[in-house]
Amino acid sequence: APALARADALARAGEPAAALDLLATLHTEHPTATDVACALARLHGLAGEPARAVPLLTDVVARDGADVEAVVALGAALLDAGRPAEANPHVARALRLDGEHALAHAVAAGVAMAAGATPRARAHAVRAIALEPAGTGARRARALLARLEDRREHVAGANALGPA
């Protein structure tokens, strides 16, 4: 636990490379430690490398498919890596495990948006915000709603111009 706290402190201090190195070493020493794998996966996601988080989280979910946090994190990593179809079953599982999980609803919104299911995306995003207004899920949901609004305004503007 002290090493995890140190890695978190390094990441917060603006030293993500040092935090990643520390967590990678810990993961090598303790390959089945869920907390280490999830922390390393989270940092990969924050570093803009969600594809590197996927195998870590896949292993965690394979060991404990009832760990809703890991299942949601895997769905989010897959979605962020541009693999929404692969994310979908994990998000569905997370919502079966905990239908009131805000981040699961936010990730489900992203999966729905990628599939072109705008009403379903909007419904999941609104639910994520309602469940945890200040949480990570709500921040993710608000960003998705802003993209939906931008898309709606773009279509409305194009329609106003008439045929080309």
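Everything discussed here concerns the structure shown above.
Residues numbered from 1 in each chain as written. Predicted model: local features only at pLDDT ≥ 70, side-chain atom pairs only at ≥ 80, totals over all residues. Heavy atoms only, no water.

**Digging into the nonpolar core**
Phase 1: Counting 37 residues, the largest nonpolar core has Leu23, Leu57, Val72, Leu74, Val91, Ala94 and Val107 as the members making the most contacts within it.
Phase 2: Elements with a minimum of two residues in this core: helix H1 (2-12), helix H2 (16-29), helix H3 (34-46), helix H4 (50-63), helix H5 (68-80), helix H6 (84-97) and helix H7 (102-114).
Phase 3: Broken down by element, the residue count for this core peaks at nine residues, all from H5.
Phase 4: Every residue in contact with Val91, bar those within four places of it in the chain, is listed here: Gly75, Ala104, Val107, Ala108 and Val111.
Phase 5: In this structure, Ala112, Ala121, Ala125 and Ala128 belong to the second largest nonpolar core, which totals 13 residues. (Core = buried A, V, L, I, M, F, W, Y, C linked by side-chain atoms within 4.5 Å. Buried < 20%, exposed > 50% of the residue type's maximum accessible area, 1.4 Å probe, protein only. Helix = DSSP H or I, 4+ residues; strand = E, 2+ residues; numbered from the N terminus. Contact = heavy atoms within 4.5 Å.)

**With respect to the packing of H2 against H3**
Phase 1: Running from N to C, H2 and H3 point in directions that differ by 150°, and their axes come no closer than 9 Å. It follows that H2 is roughly antiparallel to H3 by the angle criterion. Considering how the two elements wind past one another, H2 and H3 form a crossing that is left-handed. Note on element contacts: H3 touches H2 through Val36, Ala37, Ala39, Leu40, Leu43 and His44, opposite Ala19, Leu20, Leu23, Ala24, Leu26 and His27. (Axes fitted to C-alpha atoms, helices over the stretch in contact; angles between N-to-C directions. Parallel < 35°, antiparallel > 145°, perpendicular 65-115°, else oblique. Left-handed = near helix turned anticlockwise from the far one by under 90°.)

**Re H2**
Phase 1: For H2, with 14 residues, the first-to-last C-alpha span of 20 Å sits near the 20 Å given by 1.5 Å per residue.
Phase 2: The inward-facing, buried residues of H2 contact H1, H3 and H4. (Expected span 1.5 Å × (residues − 1).)

**Some words on the packing of H7 against helix H8 (residues 118-131)**
Phase 1: Relative orientation of the contacting elements H7 and H8 amounts to 165°, with a least axis distance of 8 Å. Comparing the axis directions of H7 and H8 gives the class roughly antiparallel. Crossing handedness for the pair H7 and H8: left-handed. Judged by residue contacts, Ala102, His105, Ala106, Ala108, Ala109, Ala112 and Met113 of H7 engage Arg120, Ala121, His124, Ala125, Arg127, Ala128 and Leu131 from H8.
Phase 2: By residue class, the composition of the contact of H7 with H8 is 10 nonpolar, two polar and two charged. (Nonpolar A, V, L, I, M, F, W, Y, C, P; charged D, E, K, R; others polar.)

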